[in-house]
Amino acid sequence: MAMLPTMSSPHPASAAARSRLVLGVIGGSGLYDMEQLEGRESVAVDTPFGGPSAAFSVGHIQRDGAEPIKVVFLPRHGAGHRLLPGEINYRANIHGLKQLGVTHLLAVSAVGSLKETICPGDVVLPDQFIDLTRHRRSTFFGDGLAAHVQLGSPTCPAFRQLTAEAVGAEGGTLHDGGTCVVMEGPAFSTRAESELYRGRWAASVVGMTAMPEAKLAREAEMAYTMVAMSTDYDCWHVGHEEVSVAALVAVMQANVRLARCIVGRVARTLPQDTDALPYPHACARAIITAPDAIDEAAKSRLDLIVGHYL
């Protein structure tokens, strides 16, 4: 009797394996957990790039008239905020999120305002970044496999629009679009730097963590949107005191309450399938290394990133 053919499982990075939308959330300063996750479990993962900032919280959020949505949360700075922006293993964080199925990544960050109209407590959804970081590994590629993804539009417009609607529905003061300068830190800006960012560069906010996070999310083929929570006026505003940790913490506490509400509403309004809100297939035409020149070590290390194309 002839045996019927069997279908092998799809590659975990393929479109077939990622048809169901999974929301990833990275919490910045002040946002260290997601209390609204149901069925929450702590999941530790290993990656070819080292260890993530912390164990991931994996659970779901209930939705009216639809199946619950899977949510994966990670505190960017680790438990107890132990990691400086330059100490974060961004590659391990993004790789771990992809291991857990994340297709859409909402990154919450505390930022300084570079505009009079962006007040402490306001929400900015940047659509552009200027990367001034200097000491961070900003790509999965290299060491035997070269690739170059497109990053002209580093955030996903449709995902950002859905997030903008959530901010408005939760009563947040929204600034949709704008440029975020990402500095190395951990010291805050000099006044000359702050004036450069807001003047000649016409940037909206300044932070320390969106890069290389957004670059790596694109290489991992995740839709990325940043929720930038303004905490201060950096140091340019002569009518306000220079930023201090104590002042930041006071504003962050209010920002975190709003951030949790925004994340919950985004989760409840996302479609069930990625066809309705696509993620970028950024690596489809990004690989430049000849296939026969890619060694097995590189293929193994990058399997979850580009294995479905190799």
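Residues numbered from 1 in each chain as written. Predicted model: local features only at pLDDT ≥ 70, side-chain atom pairs only at ≥ 80, totals over all residues. Heavy atoms only, no water.

Topic: the side chain of threonine 179
Stage number 1. Within the secondary structure, threonine 179 is located in strand β9 (residues 179-182).
Stage number 2. Excluding residues that lie within four positions of it along the chain, threonine 179 makes contacts with Gln128, Phe129, Ile130, Ala203, Ser204 and Val205. (Helix = DSSP H or I, 4+ residues; strand = E, 2+ residues; numbered from the N terminus. Contact = heavy atoms within 4.5 Å.)

Points about the nonpolar core
Stage number 1. Grouped together as the largest cluster of nonpolar side chains are 48 residues, with contacts concentrated most on Ile94, Leu97, Phe129 and Tyr224.
Stage number 2. For this core, the elements supplying multiple residues, two or more each, are β3 (56-63), β4 (66-75), α1 (90-99), β5 (104-113), β9, α4 (210-219), β11 (223-232) and α7 (303-306).
Stage number 3. The element best represented in this core is α4, accounting for five residues.
Stage number 4. Counting residues in hydrophobic clusters, the runner-up holds 33 residues, among them Met34, Leu162, Val256 and Leu270. (Core = buried A, V, L, I, M, F, W, Y, C linked by side-chain atoms within 4.5 Å. Buried < 20%, exposed > 50% of the residue type's maximum accessible area, 1.4 Å probe, protein only.)

Remarks on the packing of α1 against α4
For any two helices packed against each other, one specifies the crossing angle of their axes together with the interaxial distance.
Stage number 1. Following both chains from N to C, one finds α1 and α4 inclined at 40°, their axes separated by 9 Å at the closest point. When the interaxial angle is binned, α1 and α4 end up oblique. Judged by the sense of rotation from one axis to the other, the crossing of α1 with α4 is right-handed. Facing α1, whose interface residues are Tyr90, Arg91 and Ile94, α4 presents Met211, Pro212, Glu213, Leu216 and Ala217.
Stage number 2. Its residues assigned to classes, the contact of α1 with α4 shows six nonpolar, no polar and two charged. (Axes fitted to C-alpha atoms, helices over the stretch in contact; angles between N-to-C directions. Parallel < 35°, antiparallel > 145°, perpendicular 65-115°, else oblique. Left-handed = near helix turned anticlockwise from the far one by under 90°. Nonpolar A, V, L, I, M, F, W, Y, C, P; charged D, E, K, R; others polar.)

Remarks on the environment of alanine 276
Stage number 1. Mapped onto the elements of the fold, alanine 276 is located in the loop between α5 (245-269) and α6 (296-301).
Stage number 2. In sequence terms alanine 276 and serine 19 are 257 residues apart; their C-alpha atoms lie 9.8 Å from each other.

Details of empty space enclosed by the protein
Stage number 1. Applying the stated criterion across every chain, the model contains one cavity of 30 Å³ or more.
Stage number 2. The calculated volume of the largest cavity comes to roughly 80 Å³.
Stage number 3. Contributing to the lining of the largest cavity are Gly28, Ser29, Leu31, Val108, Ser109, Ala110, Met229, Met252, Asn255, Val256 and Ala259.
Stage number 4. Those elements that provide at least two residues to the lining of the largest cavity are β5 and α5.
Stage number 5. Ranked by residues supplied to the lining of the largest cavity, first place goes to α5 with four residues.
Stage number 6. Considering only residue class, the lining of the largest cavity consists of seven nonpolar, four polar and no charged. (1 Å grid on protein atoms, 1.4 Å probe; cavity = no way out; pocket = protein on both sides within 12 Å on 5 of 7 lines; lining within 4 Å. Points joined across faces, edges and corners; volume = space filled by probe spheres on them.)

What to know about the side chain of serine 113
Stage number 1. Among the structural elements, serine 113 can be located in strand β5.
Stage number 2. Among the residues examined, serine 113 registers a relative accessible area of 0% and is labelled buried.
Stage number 3. Here lysine 115 takes part through its backbone oxygen, which lies 2.8 Å from a polar atom of the side chain of serine 113. (Polar contact = N/O pair within 3.5 Å; in protein donor to acceptor, adjacent residues only side chain to side chain.)

Topic: helix α2 (residues 157-169)
Residues three or four positions apart in an α-helix share a direction because the helix packs 3.6 residues into each turn.
Stage number 1. Look at α2: 18 Å from first C-alpha to last across 13 residues, which is about the 18 Å you get at 1.5 Å a residue.
Stage number 2. Of all the positions in α2, only Phe159, Arg160, Leu162, Thr163, Ala164, Ala166 and Val167 are classed as buried.
Stage number 3. Looking one or two residues past α2, glycine 171 carries a phi angle of roughly 85°, positive in sign. (Expected span 1.5 Å × (residues − 1).)

Here's the deal with α4
Stage number 1. Counting buried positions along α4 yields nine of 10 residues, so the element is predominantly enclosed.
Stage number 2. Here α4 has its buried residues at Ala210, Met211, Pro212, Glu213, Ala214, Leu216, Ala217, Arg218 and Glu219.
Stage number 3. One or two steps after α4, the chain reaches glutamate 221, where phi turns positive at roughly 60°.

Remarks on unusual backbone geometry
Stage number 1. Looking along the chain, the bond that leaves glycine 185 and enters proline 186 is cis, with omega of 5°.
Stage number 2. Its location among the elements puts proline 186 in the loop between β9 and α3 (191-198).
Stage number 3. A cis amide bond links methionine 211 with the next residue in sequence, proline 212, at an omega value of 5°.
Stage number 4. Mapped onto the secondary structure, proline 212 falls in helix α4.
Stage number 5. A positive phi angle, close to 55°, is found at alanine 202, a residue other than glycine.
Stage number 6. With respect to the helices and strands, alanine 202 occurs in the loop between α3 and β10 (205-207).
Stage number 7. Phi at glutamate 221 takes a positive value of approximately 60°, unusual for a residue other than glycine.
Stage number 8. By secondary structure assignment, the location of glutamate 221 is in the loop between α4 and β11.

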